[in-house]
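Read off the chains here:
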Amino acid sequence: MSGLILGIETSCDDTSVALVDRSGHVAAIKTVSQFEIHEAFGGVYPELASRAHLEVILPTVQEVMTAASVTPDDLTAIGVTRGPGLIGSLLVGLSTAEALSMGWGVPAYGVNHLRGHIRSVELEGGKTEFPAVIMLVSGGHTLIAELKDPWSYRLLGSTRDDSVGESYDKVARMLGLGMPGGPAIDRAAQTGTPVLRLPRPMKNDAYEFSFSGLKSSVARHIEKHPDVSIEDMSASFVAACMDVLTAKADRALTECKPRSLVIVGGVAASRQLREAMGEVAGRHGVELCLPPMKWATDNAAMIAMATWDYVERGVQPELMPKPNLSLETP
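Residues numbered from 1 in each chain as written. Predicted model: local features only at pLDDT ≥ 70, side-chain atom pairs only at ≥ 80, totals over all residues. Heavy atoms only, no water.

> Sorry, what's going on with the overall build of the chain here?
Broken down by element type, the chain carries 10 helices and 10 strands. Its C-alpha atoms give the chain a radius of gyration of 20 Å, near enough to 20 Å, the size a compact globule of 330 residues would have. Taken along the three principal axes of its C-alpha coordinates, the chain extends 60 × 45 × 30 Å. Taken over 330 residues, the chain has a buried fraction of 54%. Long-range pairs, those at least 24 residues apart, make up 75% of the contacts in the chain between residues at least 6 apart in sequence. When the accessible surface of the chain is summed, it comes to about 13,700 Å², and 50% of that surface belongs to carbon and sulfur atoms. Of the charged side chains in the chain, 29 are positive and 39 negative; the average position of the first set lies 7 Å away from that of the second. (Helix = DSSP H or I, 4+ residues; strand = E, 2+ residues; numbered from the N terminus. Rg over C-alpha atoms; globule rule 2.2 N^0.38 Å. Buried < 20%, exposed > 50% of the residue type's maximum accessible area, 1.4 Å probe, protein only. Contact = heavy atoms within 4.5 Å. Areas by Shrake-Rupley, 256 points an atom, 1.4 Å probe, with all protein chains shown as cover. Lys, Arg positive; Asp, Glu negative; His and termini not counted. Charge placed at Lys NZ, Arg CZ, Asp CG, Glu CD.)

Laid out in structure tokens, this is it:
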């Protein structure tokens, strides 16, 4: 087998390794979860995350290579997340990629994690029509941008505080739903009614996002009404988030007039969001592009897919961690 990229993703709390060809076919992938390590903390504990990556990264690489019957001679390149993310976690992936590159004689590319999410749509046969408007909604990021092509991005706006995914997690903890919060909130919302009056922060303010006020409003309501229905609160919170996100998407489609609307990131696995954005895209007559459910959250396949862009454009950033890497930077 030839023409494969080995992707490595260690930006946060999951260790993921994958092999992906140029068409987006995933030859093999393995993701090692750290859920049990961090569950007691109610969130990711950075020092423990980096130590856990160290323990499993090389065995995971070997397992993926063996599963696909691949040798280093079959690799076009190694792609590894260089940011944004937790610096300790990033260093584990970058150091591993650099060592493998030197040992195997295969070039290594430091990849922007955000661009990996955007390319997740193309995994397993997906296609994005350009120009496009992209909304990235995850635990660490909420942003909206215009894409002229797979490489050229113009940021329209991002969050000023909490990301929407982070807000989902925090509200889930308030309601005792545990982690990961997104799926738990969505499940509870399906049997609830959005009857509670919650704010829609910055809904009508261009392309910037803010979710801290919404999260605080939920906390105050729970404090005053400890017997509030978990299902109704979840439904009300989700409705507020959907109103904000769809308003921004609607505005971007009106102003940019793209051919497609791309929704990526962990929150893109939300059925409520997929349905809401389907309605927005339908009103504007554009194609809605979504990653398959299993590729919405952080994974090495999306990093490998994005690496093909770097290889073909001859862009090879240094293998240095950039915890606050922006979308516009390759």
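Moving on from the coordinates now.
> Help me understand the nonpolar core in this model?
As a rule of thumb, nonpolar side chains are buried together in soluble globular proteins. If you look at the biggest cluster of nonpolar residues, it comprises 45 residues, and the most contacted ones within it are Met135, Phe237, Leu245 and Leu261. Only β6 (132-137), α5 (164-174), α6 (181-190), α7 (212-224), α8 (230-256), β9 (260-264) and α9 (271-284) provide two or more residues apiece to this core. In terms of residue count, α8 provides more of this core than any other element does, 13 residues in total. In this structure, phenylalanine 237 is in contact with Ser167, Tyr168, Val171, Ile185, Leu198, Leu214 and Val218, ignoring residues within four places of it in sequence. (Core = buried A, V, L, I, M, F, W, Y, C linked by side-chain atoms within 4.5 Å.)

> Can you walk me through the pattern of salt bridges in this structure?
Pairs may arise between side chains of opposite charge once their charged atoms sit close together. All told, the structure shown has 15 salt bridges when counted by the stated rule. Its salt-bridge partner being glutamate 122, residue arginine 119 comes within 3.6 Å of it at the nearest N-O pair. Under the relative-accessibility criterion, glutamate 122 is labelled buried at 9%. Across the salt bridge formed by aspartate 309 and arginine 119, the nearest N and O atoms sit 2.8 Å from each other. Here aspartate 309 is found in helix α10 (residues 300-313), whereas its partner arginine 119 is found in helix α4 (residues 113-119), with 190 residues between them in sequence. In terms of burial, aspartate 309 and arginine 119 fall into one category: buried. (Salt bridge = Lys/Arg side-chain N within 4 Å of Asp/Glu carboxyl O.)

> Just checking my understanding: could you explain the side chain of histidine 113 for this structure?
Its location among the elements puts histidine 113 in helix α4. Excluding anything up to four places from it in sequence, histidine 113 contacts Glu9, Ser11, Thr81, Gly83, Pro84, Asp298, Met302 and Ile303.

> Explanation requested: the UniProt feature "domain: Gcp-like" (unreviewed entry) in the chain in the structure shown.
In the numbering used here, UniProt assigns the feature "domain: Gcp-like" (unreviewed entry) to residues 26-304. Regarding residues 26-304, the helix share stands at 47% and the strand share at 17%, and the terminal C-alpha atoms are separated by 9 Å. (UniProt positions renumbered as here; feature names shortened; annotations may be inferred.)

> Honestly, the sheet that holds strand β3 (residues 26-32) in this entry has me stumped. Any pointers?
Taken in spatial order, the 5 strands line up as β3-β2-β1-β4-β5 in an open sheet, and their pairing is mixed. Two strands lie at the open edges of the sheet, namely β3 and β5 (108-112), each paired on one side alone. Neighbouring strand axes in the sheet, compared pairwise and without regard to direction, differ in orientation by 20 degrees on average. Sheet strands in contact with helix α3 (residues 87-104) are β1 (4-9), β4 (75-83) and β5, and its direction is about 160 degrees off that of β4. In the packing of α10 onto the sheet, the strands contacted are β1, β2 (15-21), β3, β4 and β5, and the crossing angle to β1 comes to about 125 degrees. (Pairing = 2+ DSSP bridges. Axes fitted to C-alpha atoms, helices over the stretch in contact; angles between N-to-C directions.)

> Explanation requested: α5 in the structure shown.
Every α-helix carries 3.6 residues per turn, so stepping three or four residues along brings you back to the same face. Listing the buried residues of α5 in full gives Val164, Gly165, Ser167, Tyr168, Val171 and Ala172. One face of α5 carries all of its buried residues, which in axial projection span an arc of 155 degrees. The secondary structure elements touched by the buried residues of α5 are β6, β7 (142-147), α6, α7 and α8. (Arc of directions from axis to C-beta.)

> Help me out: how do you make sense of the sheet that holds strand β10 (residues 287-289) in this one?
The strands making up a sheet associate through backbone hydrogen bonding, with each pair oriented either parallel or antiparallel. Read across the open sheet, the 5 strands follow the order β8-β7-β6-β9-β10; overall the sheet is mixed. Edge positions in the sheet fall to β8 (153-158) and β10, since each has one partner strand and no second. For this sheet the average axis-to-axis angle between neighbouring strands, irrespective of direction, equals 20 degrees. Of the strands in this sheet, β6, β9 and β10 touch α9, which is tilted by about 165 degrees from β9.

> Please explain the UniProt feature "binding site: Fe cation" (unreviewed entry) in the chain as it appears in this structure.
Under the present numbering, the feature "binding site: Fe cation" (unreviewed entry) in UniProt falls on His113, His117 and Asp298. A stretch of 186 residues holds the annotated residues, and the largest C-alpha distance among them is 8.7 Å, short enough that they meet in one place. Polar contacts involving the side chain of histidine 113 include one to the side chain of glutamate 9, which spans 3.2 Å. Along the chain, aspartate 298 turns up in the loop between β10 and α10. Judged by its relative accessible area of 27%, aspartate 298 is partly exposed. (Polar contact = N/O pair within 3.5 Å; in protein donor to acceptor, adjacent residues only side chain to side chain.)

> Please explain the packing of α7 against α8 as it appears in this structure.
Helix-helix packing: each pair is described by the crossing angle between the helix axes and the interaxial distance. Running from N to C, α7 and α8 cross one another at 160 degrees; their axes reach a closest spacing of 11 Å. On the basis of their axis angle, the class for α7 and α8 is roughly antiparallel. The way α7 lies across α8 gives a crossing that is right-handed. Contact residues: Leu214, Val218, His221 and Ile222 in α7; Met233, Phe237, Ala240 and Cys241 in α8. For the contact of α7 with α8, the per-class residue count stands at 7 nonpolar, 1 polar and no charged. (Parallel < 35°, antiparallel > 145°, perpendicular 65-115°, else oblique. Left-handed = near helix turned anticlockwise from the far one by under 90°. Nonpolar A, V, L, I, M, F, W, Y, C, P; charged D, E, K, R; others polar.)

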